[in-house]
Amino acid sequence: MAPNPLHTNTNHEKEHWMKMFLPILFLCSVFFSSSYAAVQDFCVADLSAPFGPAGYSCKKPATVTVNDFVFSGLGASGNTSNLIKAAVTPAFDAQFPGVNGLGVSLARIDLAKGGVIPMHTHPGASEVLIVIEGSICAGFIDSANKVYFRSLAKGDIMVFPQGLLHFQVNAGKSPALAFASFSSANPGLQILDFALFANNLPSELIEKTTFLDDAQVKKLKKVLGGTG
Ligand SMILES: *[C@@H]1O[C@H](CO)[C@@H](O)[C@H](O)[C@H]1NC(C)=O
């Protein structure tokens, strides 16, 4: 039986297209699946360059030293002589250039007796807290307003999902120490009370948008340095 020339042609064409497209598909999949880290070992922050959504620009690799990957600033306790009786010492990209682009960072949290890290959120990172000394009551509120909080003892860790409001309070009678790690070199920070009462947004608008009364708003503005 004579072969069908049309059939042969179609097969031939198919093969031709496959041969042309497979390498292209393969290249595309390599480009789309390769991560930043696969192209470059690290991107130590050039702190003199502008900061953008992806972090800092990279220092020239020739100028990078081990000192860029070591930070000694978390060894000393922070100064807790302040309104919140607490201190957060960051080791983010601005302080610790080696973490730039790596999606990790750390902070030290000192809480004097009665110390509080007020309700706040990190828009750019989830957080894991480990208690080293003392006892800390910590918690967060999810977007359905369900509350998760408890007292943490030495060695306990707690995770705070990215973007959710959370807090830490010294729950003991002695100073507390904790370290927090973040899933970003620059977690970002917005403190709820500071956003509401530490700026010049007119009190009338704060009262309208929070349903708080005038006296309460003015009192908190006075304490936190807000005006208007
Ligand atoms: C801690 O901060 C307070 C208030 O700003 C200041 O008076 C004090 O000197 C600081 N203490 C140290 C050890 O830096």
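Residues numbered from 1 in each chain as written. Predicted model: local features only at pLDDT ≥ 70, side-chain atom pairs only at ≥ 80, totals over all residues. Heavy atoms only, no water.

As recorded in an unreviewed UniProt entry, the protein goes by Germin-like protein and comes from Rubroshorea leprosula. Entered under Sequence similarities (unreviewed entry) in the UniProt record, the comment concerning the protein runs "Belongs to the germin family." What the UniProt record of the protein gives under Subcellular location (unreviewed entry) is the line "Secreted, Extracellular space, Apoplast". (UniProt positions renumbered as here; feature names shortened; annotations may be inferred.)

S.K.: Looking at this structure, how should I read the nonpolar core?
M.R.: Soluble, globular proteins show a tendency: their nonpolar side chains are buried together. Formed by 20 residues in total, the largest nonpolar core has its most connected members in Ile109, Leu111, Leu129 and Ile136. Elements supplying a minimum of two residues to this core: β4 (105–111), β6 (127–133), β7 (136–141), β9 (157–160) and β11 (176–182). Considering every element that reaches this core, the biggest residue donor is β11, with four residues. When residues no more than four places from it in sequence are discounted, the contact partners of Ile109 are Ala87, Val88, Ile117, Leu129, Ala176, Leu177, Ala178 and Ala180. (Core = buried A, V, L, I, M, F, W, Y, C linked by side-chain atoms within 4.5 Å. Buried < 20%, exposed > 50% of the residue type's maximum accessible area, 1.4 Å probe, protein only. Helix = DSSP H or I, 4+ residues; strand = E, 2+ residues; numbered from the N terminus. Contact = heavy atoms within 4.5 Å.)

S.K.: Which parts of the structure should I look at to understand the pairing of strand β10 (residues 165–170)?
M.R.: Each regular strand shows side chains that alternate between the opposite faces of the sheet. Sheet topology places strand β5 (residues 116–121) next to β10; three bridges connect them, and they run antiparallel. Its bridge partner lying in β10, His120 is registered against His166. In terms of strand pairing, β7 meets β10 through six bridges, oriented antiparallel. Its bridge partner lying in β10, Phe140 is registered against His166. (Pairing = 2+ DSSP bridges.)

S.K.: Would you mind going over the sheet that holds β11 with me for this structure?
M.R.: Strand order in the open sheet formed by five strands is β3-β4-β11-β6-β9, and the pairing between neighbours is antiparallel. Every interior strand has two partners, whereas the edge strands, β3 (86–91) and β9, have only one. Neighbouring strand axes in the sheet, compared pairwise and without regard to direction, differ in orientation by 20 degrees on average. Across four bridges, the pairing between β6 and β9 is antiparallel. By the bridge assignment, Glu127 is partnered in β9 with Phe160. (Axes fitted to C-alpha atoms, helices over the stretch in contact; angles between N-to-C directions.)

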